[in-house]
There are 2 protein chains.
Amino acid sequence: MSKKKDSLTNISELGEFGLIDRLTKNFKNRNKNTIMGIGDDAAVIDNLNSYTIITKDIFSEGVHFDITYSPLKHLGYKVVTANLSDIYAMNGNPTHIFAGIGVSNRYSLEALEEIYKGIELACEKYDIDLGGGDTVASKSGLFISITAIGTANPDQIVYRNGAKEHDLICVSGNLGGAYAGLLILEREKQTYKANPDMQPNLNDYSYVLERQLKPEAGKNIINLLKDLKIKPSAMIDISDGIASEIMHICKNSGCSAVIYEEKIPIEKMTSNVAHEFNIDPTTFALNGGEDYELLFTVNQADYEKIKTLEEISIIGHITHKSESKKLITVSGNVVELRAQGWDAFKK
Amino acid sequence: MSKKKDSLTNISELGEFGLIDRLTKNFKNRNKNTIMGIGDDAAVIDNLNSYTIITKDIFSEGVHFDITYSPLKHLGYKVVTANLSDIYAMNGNPTHIFAGIGVSNRYSLEALEEIYKGIELACEKYDIDLGGGDTVASKSGLFISITAIGTANPDQIVYRNGAKEHDLICVSGNLGGAYAGLLILEREKQTYKANPDMQPNLNDYSYVLERQLKPEAGKNIINLLKDLKIKPSAMIDISDGIASEIMHICKNSGCSAVIYEEKIPIEKMTSNVAHEFNIDPTTFALNGGEDYELLFTVNQADYEKIKTLEEISIIGHITHKSESKKLITVSGNVVELRAQGWDAFKK
């Protein structure tokens, strides 16, 4: 391979989604029970009475987490909730996870047990079973691969492709906190490296640190929508910032969108951190990763049910595909919405 | 963590199966549709009409494969067939795989495409769909995590725990070939490193090299048994050598076993390689890994149906749990069967 190196394509040129499209473009589905393959939060398999929903995510040391400030138990918890988030984003109910872990010799049994304690805590909280897994040696570093399995009623499942013009765009919780937490952790790590006697100052930032290190998945939101008899027209979990997620919904649904900056829910502490770093808080919400909230669209008929809910913010609406994707700023300017997102290969 | 390092447990002390037992001992199953969790080739979930079977395996560069002699397309093929093997070992029918790949920057897009070509070839041959996956950056090296999903009729599924006294112990195909191939590849790699002008001599070893680099899964055997209306009482796939797999069946079924060295199917080329390395060919079959054949037990009533089949060898029978596990050698000696197996953490 090394001879031809100059003519080969660097993976980072394509970006994460371009890469997946390129690699999987030749795959055909052969089983008629494949309802949804590649291209949504999770795959869907028909079991006659119900659909099985499957998703898989990998976390790789030095890319998705930094072991110097990620407590291993939190890490175990997070890799599970990040996967469950994809099942909830299909309006599904997760039932099982499978954990694959690769560890180098520098990890002790006790370290692995901490990861498993976090996995078990997440299983307990979300009422799911660990179905199995695989623990292997790795030549360097730690990686964790989780597969989550769930079920959904065929008439309740929600894809990315159902958004219609005039639908309301909603998000759960608040945004940008996980990215704020990451910036704090990275800053304190640098401070500590420069002067190991200096204790990191983390107490003032507990909310955003928890958003980064131990995020929750959207179980409560899914249950709330069910109780209110609201079925979203499209849904996706927010792992790369809402700009990227809105692009996905628009692409899959064949539509466009407009969102209002003033409607984007951002916690006070998240804003404070953004100002400490001289960054616009809206940028955190648009392009920060790992909030694991849900972004979904609903018919305008559901407006009355949604509008008073504390947990949900209406941030915009779906427009015709001939429109451009727009952000209306607080000052009333119209800017084009762009997805910078997270791209691990570009970091 | 580094302060306490001396008091921590090295993972290699426990071995692979001890490690999994230790890490998962606190996990409880919460969903009543969990038919089989941890502890067999795959997990089983009840969907009312059918069972969903799920398995997951990880392959890690430098541990499970060596990129200097594993063609990437073969590698993609092998990681799929190794997982399908676990579904067949439940007497199930695989339908979907999910592929997670971590790659460092030294891999090009074209390299990743080669892996995916192998994955697609396996999907085509075994008539399964790629349901999705995740491709992430890795700080060093390549790892591939595959989740395979299948189905089985509840009354046709076969676990490791059903072997009964007097049942016949059967294996498909022939054994030790994959390990023979590995030894050849390792030897030629060393020769090449010592003298890069020397071309590796691989032509004489094509059968065992294919066993190592591009193994097949037990689809044909499962179909053959179905055609003959034989339902094994217990079954496992042979990924760590038959000594280890027999131990698993005996442990799960609460029984013991005796096998006859002369009955163990070993190809001529595998024996030749063993002799080149001054190793007993039986050792290859007992403790060599990655043959991905099936080891299963059947009731003696099925003897007439099984005995003439070219694809299947009867190598012994199940005994009472009070007996020791024995190998009767060609010369008539009785030796205790021990599982050395493969243990990636000890390598």
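Residues numbered from 1 in each chain as written. Chains lettered and ligands numbered in written order. Predicted model: local features only at pLDDT ≥ 70, side-chain atom pairs only at ≥ 80, totals over all residues.

A look at the overall build of chain A
Part 1: When its secondary structure is counted, chain A shows 10 helices and 13 strands.
Part 2: For 347 residues, the compact-globule estimate of 2.2 N^0.38 gives 20 Å, and the C-alpha radius of gyration of chain A, at 20 Å, lies within 12% of that figure.
Part 3: With the C-alpha coordinates of chain A rotated into their principal frame, the extents come out at 55 × 50 × 50 Å.
Part 4: Classification of the 347 residues of chain A by burial places 52% in the buried group.
Part 5: Taking the intrachain contacts of chain A between residues at least 6 apart in sequence as the baseline, contacts between residues at least 24 apart amount to 83%. (Helix = DSSP H or I, 4+ residues; strand = E, 2+ residues; numbered from the N terminus. Rg over C-alpha atoms; globule rule 2.2 N^0.38 Å. Buried ≥ 20, exposed ≤ 12 C-beta atoms within 10 Å, placed from the backbone. Contact = placed C-beta atoms within 7 Å.)

Section: the domain arrangement of chain A
Residue and element names in this part refer to chain A.
Part 1: Examined at the domain level, chain A breaks down into domain 1 (31–152) and domain 2 (168–346).
Part 2: Taking only C-alpha atoms into account, the centre of domain 1 sits 22 Å from that of domain 2.
Part 3: With 18 residues of domain 1 in contact, the opposing surface of domain 2 contributes 17 residues.
Part 4: With nine residues, the single largest contributor to the side of domain 1 that touches domain 2 is helix H2 (residues 72–88).
Part 5: Of the residues belonging to the side of domain 1 that touches domain 2, the class tally is nine nonpolar, six polar and three charged. (Domains from an automatic or database assignment. Nonpolar A, V, L, I, M, F, W, Y, C, P; charged D, E, K, R; others polar.)

Some words on the packing of helix H2 (residues 72–88) of chain B against helix H3 (residues 109–126) of chain B
To describe two helices that pack against each other, one gives the angle between their axes and the distance between the axes.
Residue and element names in this part refer to chain B.
Part 1: Two numbers describe how H2 lies on H3: the axes approach to 6 Å, and their chain directions differ by 40 degrees. In terms of orientation, H2 and H3 fall into the oblique class. The handedness of the crossing between H2 and H3 is right-handed. Contact residues: H2 offers Leu72, Lys73, His74, Leu75, Gly76, Tyr77, Val80, Thr81 and Leu84, while H3 offers Ala111, Glu114, Ile115, Tyr116, Lys117, Gly118, Ile119, Leu121, Ala122 and Tyr126.
Part 2: The class makeup of the residues in the contact of H2 with H3 is 12 nonpolar, four polar and three charged. (Axes fitted to C-alpha atoms, helices over the stretch in contact; angles between N-to-C directions. Parallel < 35°, antiparallel > 145°, perpendicular 65-115°, else oblique. Left-handed = near helix turned anticlockwise from the far one by under 90°.)

Remarks on the confidence of the model for chain A
Residues and elements named next belong to chain A.
Part 1: Looking at chain A as a whole, its pLDDT mean stands at 89, while 94% of the residues score no less than 70.
Part 2: Low pLDDT, under 50, characterises residues 1–5; the predicted model gives this stretch one contact beyond four residues in sequence or across chains.
Part 3: In the predicted assembly, ipTM is 0.85 and pTM is 0.88. (pLDDT = per-residue confidence, 0-100.)

Notes on the environment of Leu286 of chain A
All names here are of chain A.
Part 1: Structurally, Leu286 can be placed in helix H9 (residues 281–287).
Part 2: Put simply, Leu286 and Tyr77 are 209 residues apart on the chain and 25 Å apart in space, counted from C-alpha to C-alpha.
Part 3: When neighbours within four sequence positions are excluded, Leu286 is seen to be in contact with Gly241, Ile242 and Ala243.

With respect to the sheet that holds strand E8 (residues 234–238) of chain B
All names here are of chain B.
Part 1: Strand order across the open sheet formed by seven strands is E8-E10-E7-E11-E9-E12-E13, with mixed pairing between neighbours. Of all the strands in the sheet, just E8 and strand E13 (334–336) have a single pairing partner and so form its edges. In this sheet, neighbouring strand axes are inclined to one another by 25 degrees on average, regardless of whether the strands run parallel or antiparallel.
Part 2: As paired elements, strand E12 (residues 326–328) and E13 share three bridges and run antiparallel to each other. Paired with Leu327 across the strands is Val335, a residue of E13.
Part 3: Running over the sheet, helix H7 (residues 242–253) touches strand E7 (168–172), E8, strand E9 (256–260) and strand E10 (293–298) and is turned about 155 degrees from E8. (Pairing = 2+ DSSP bridges.)

Quick look at the interface of chain B and chain A
Part 1: Taken together, the 72 residues of chain B in the interface contact 73 residues of chain A.
Part 2: Among the elements of the structure, helix H1 (15–24), strand E2 (43–46), strand E3 (51–60), strand E4 (93–103), H3, strand E5 (129–137) and strand E6 (143–152) of chain B are those that each provide at least two residues to the side of chain B that touches chain A.
Part 3: By residue number, the principal contributor to the side of chain B that touches chain A is E5 of chain B, which donates nine residues.
Part 4: Split by residue class, the side of chain B that touches chain A holds 31 nonpolar, 30 polar and 11 charged.

Here we look at the environment of Phe296 of chain A
Residues and elements named next belong to chain A.
Part 1: Considering the arrangement of structural elements, one finds Phe296 in strand E10 (residues 293–298).
Part 2: Between the C-alpha atoms of Phe296 and Asn195, which are 101 residues apart in sequence, the distance is 45 Å.
Part 3: When sequence neighbours within four positions are dropped, the list of residues in contact with Phe296 reads Cys170, Pro232, Ala234 and Met235.

Some details on the pairing of E10 of chain B
Residue and element names in this part refer to chain B.
Part 1: Most of E10 is tucked away: six of the six residues are buried.
Part 2: Of the two faces of E10, both are covered, the one formed by Glu293, Leu295 and Thr297 as well as the one formed by Leu294, Phe296 and Val298.
Part 3: In terms of strand pairing, E7 meets E10 through four bridges, oriented antiparallel. Along E10, the bridge assignment pairs Cys170 with Phe296.
Part 4: Alignment of E8 against E10, held across five bridges, turns out to be antiparallel. The partner of Ile236 across the bridge, within E10, is Leu295.

A few points about unusual backbone geometry
Residues and elements named next belong to chain B.
Part 1: Its identity as a non-glycine residue notwithstanding, Asp127 has a phi of 60 degrees, on the positive side.
Part 2: Located in the positive-phi region is His166, a residue other than glycine, with phi close to 80 degrees.
Part 3: Inspection of the secondary structure puts His166 in the loop between E6 and E7.

With respect to the nonpolar core
Part 1: In terms of nonpolar packing, the biggest core is built from 202 residues, with Ile97, Ile242 and Ile246 of chain A together with Ile97, Ile242 and Ile246 of chain B touching the most fellow members.
Part 2: When neighbours within four sequence positions are excluded, Ile242 of chain B is seen to be in contact with Val171, Leu175, Ala285, Leu286 and Leu295 of chain B. (Core = buried A, V, L, I, M, F, W, Y, C linked by C-beta atoms within 7 Å.)

Details of H2 of chain B
Part 1: With 17 residues, H2 of chain B extends 24 Å from end C-alpha to end C-alpha; this agrees with the ideal 24 Å at 1.5 Å per step.
Part 2: The buried count for H2 of chain B comes to 16 of 17 residues, which makes it a mostly enclosed element. (Expected span 1.5 Å × (residues − 1).)

Remarks on the relation of the copies chain B and chain A
Part 1: For the pair chain B and chain A, the relating rotation is 180 degrees, the translation along its axis is 0.0 Å, and the fit reaches an RMSD of 0.0 Å. Here the transformation between the copies is reduced to the relation of a two-fold axis.
Part 2: When the interface residues of chain B are mapped onto chain A, 100% of them again fall at the interface, so both copies present the same face. (Least-squares fit on C-alpha atoms with pLDDT ≥ 70 in both.)

Focus on the sheet that holds strand E9 (residues 256–260) of chain A
Residues and elements named next belong to chain A.
Part 1: The seven strands lie next to each other as E8-E10-E7-E11-E9-E12-E13, forming an open sheet whose pairing is mixed. Every other strand in the sheet has two partners, leaving strand E8 (234–238) and strand E13 (334–336) as the edge strands with one partner each. Neighbour-to-neighbour, the strand axes of this sheet turn through a mean angle of 25 degrees, independent of strand direction.
Part 2: Two elements, E9 and strand E12 (residues 326–328), share three bridges in a ladder whose sense is parallel. Residue pairing for E12: Ile259 is matched across the bridge by Leu327.
Part 3: The sheet strands contacting helix H7 (residues 242–253) are strand E7 (168–172), E8, E9 and E10, and the helix crosses E8 at an angle near 155 degrees.

Quick look at helix H5 (residues 206–213) of chain A
Each turn of an α-helix holds 3.6 residues, which means side chains three or four residues apart point in the same direction.
Part 1: Buried within H5 of chain A are the following residues: Val208, Leu209, Arg211, Gln212 and Leu213 of chain A.
Part 2: Buried residues in H5 of chain A make contact with H2, helix H4 (177–194) and helix H8 (268–276) of chain A.

A closer look at the packing of helix H4 (residues 177–194) of chain B against helix H8 (residues 268–276) of chain B
Residue and element names in this part refer to chain B.
Part 1: With their axes 9 Å apart at the nearest point, H4 and H8 run at an angle of 45 degrees to one another. Here H4 is positioned oblique relative to H8, judged by the angle of their axes. As for how H4 packs across H8, the hand of that crossing is left-handed. Contact with H4, carried on its side by Gly177, Ala180, Leu183 and Ile184, involves Thr270, Val273 and Ala274 of H8 and no other residues of that element.
Part 2: Residue composition of the contact of H4 with H8, grouped by class: five nonpolar, two polar and no charged.

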